[in-house]
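# Survey of secondary and tertiary structure
This is what each chain is made of:
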Amino acid sequence: QVQIVESGGGLVQAGGSLKLSCAASGTTFSINIMGWYRQTPGKQRELVADISRDGRTSYADSVKGRFTISRDNAKRTVYLQMNSLKPEDTAVYYCNVVRAGVFNTNYWGQGTQVTVSS
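Summary of the structure given here. These figures come from a predicted structure and were not determined experimentally.

Here we come to the side chain of Arg99. Here Arg99 lies in strand β9 (residues 91-99). For the buried Arg99, which has no salt bridge, the nearest side chain bearing the opposite charge is Asp50, at an N-O separation of 17 Å. Once residues lying within four places of it in the same chain are set aside, the contact partners of Arg99 are Gln1, Val2, Thr27, Phe29, Ser30, Ile31, Asn104, Thr105 and Tyr107.

Right, let's get into the nonpolar core. As a rule of thumb, nonpolar side chains are buried together in soluble globular proteins. Counting residues in hydrophobic clusters, the biggest one holds 28 residues, and the most contacted among them are Trp36, Leu80, Met82 and Tyr93. Listed by contribution, the elements that provide at least two residues to this core are β1 (2-7), β3 (18-26), β4 (31-39), β5 (46-51), β7 (67-72), β8 (77-82), β9 and β11 (112-117). Among residues more than four places away in sequence, those in contact with Met82 are Gly16, Ser17, Leu18, Leu20, Arg66, Phe67, Tyr93 and Val114.

Turning to the environment of Gly26, a few remarks are in order. By the secondary structure assignment, Gly26 is in strand β3. Residues Gly26 and Gln13, spaced 13 residues apart in sequence, show a C-alpha to C-alpha distance of 36 Å.

A separate point is unusual backbone geometry. One non-glycine residue, Arg76, lies in positive phi territory at about 55°. Here Arg76 is to be found in the loop between β7 and β8.

On to the state of the cysteines. Here the structure, examined in full by the defined rule, presents 1 disulfide. Bridging Cys22 to Cys95, the disulfide has an S-S length of 2.0 Å. Taking the sign of the torsion about the S-S bond as the criterion, the disulfide between Cys22 and Cys95, at about -75°, is left-handed. Pair noted here: Cys22 is in strand β3 and Cys95 is in strand β9, with a separation of 73 residues, a long-range link.

Another point: the sheet that holds β7. Pairing is antiparallel in the open sheet, where 4 strands are placed in the order β1-β3-β8-β7. The sheet is open, and its two borders are formed by β1 and β7, each paired with just one other strand. Within the sheet, the average angular offset between the axes of one strand and its neighbour, ignoring direction, is 15°. Across 6 bridges, the pairing between β1 and β3 is antiparallel. Counted as the bridge partner of Glu6 is Cys22 from β3.

The rules behind these values
- Residues numbered from 1 in each chain as written.
- Predicted model: local features only at pLDDT ≥ 70, side-chain atom pairs only at ≥ 80, totals over all residues.
- Heavy atoms only, no water.
- Helix = DSSP H or I, 4+ residues; strand = E, 2+ residues; numbered from the N terminus.
- Buried < 20%, exposed > 50% of the residue type's maximum accessible area, 1.4 Å probe, protein only.
- Lys, Arg positive; Asp, Glu negative; His and termini not counted.
- Salt bridge = Lys/Arg side-chain N within 4 Å of Asp/Glu carboxyl O.
- Contact = heavy atoms within 4.5 Å.
- Core = buried A, V, L, I, M, F, W, Y, C linked by side-chain atoms within 4.5 Å.
- Disulfide = S-S within 2.5 Å.
- Pairing = 2+ DSSP bridges.
- Axes fitted to C-alpha atoms, helices over the stretch in contact; angles between N-to-C directions.

Right, dumping it as structure tokens:
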């Protein structure tokens, strides 16, 4: 099992910055992808950004150039630096961790609220 603890959400004005952190613990030896998703009421959870163990990244078009994902494999931690925040970035952000195996296993954090005021 993998336990996930997120931190760093909060309230910020438009144009501001926040940094989210997500630390994984437990059976972490085969973790491959780590990423961030977000969800607003009535909408599906969407991928914001993810990063593979060897550092390959992908981003949603809406955040490219503003958000940066990074990870520290030794600390089993993934970060999301969010700059130039917009009100439409307001959502609950969830950390996602994928353990590779015969079947990939997804683990989710409890979510952290990010609110961007206009």
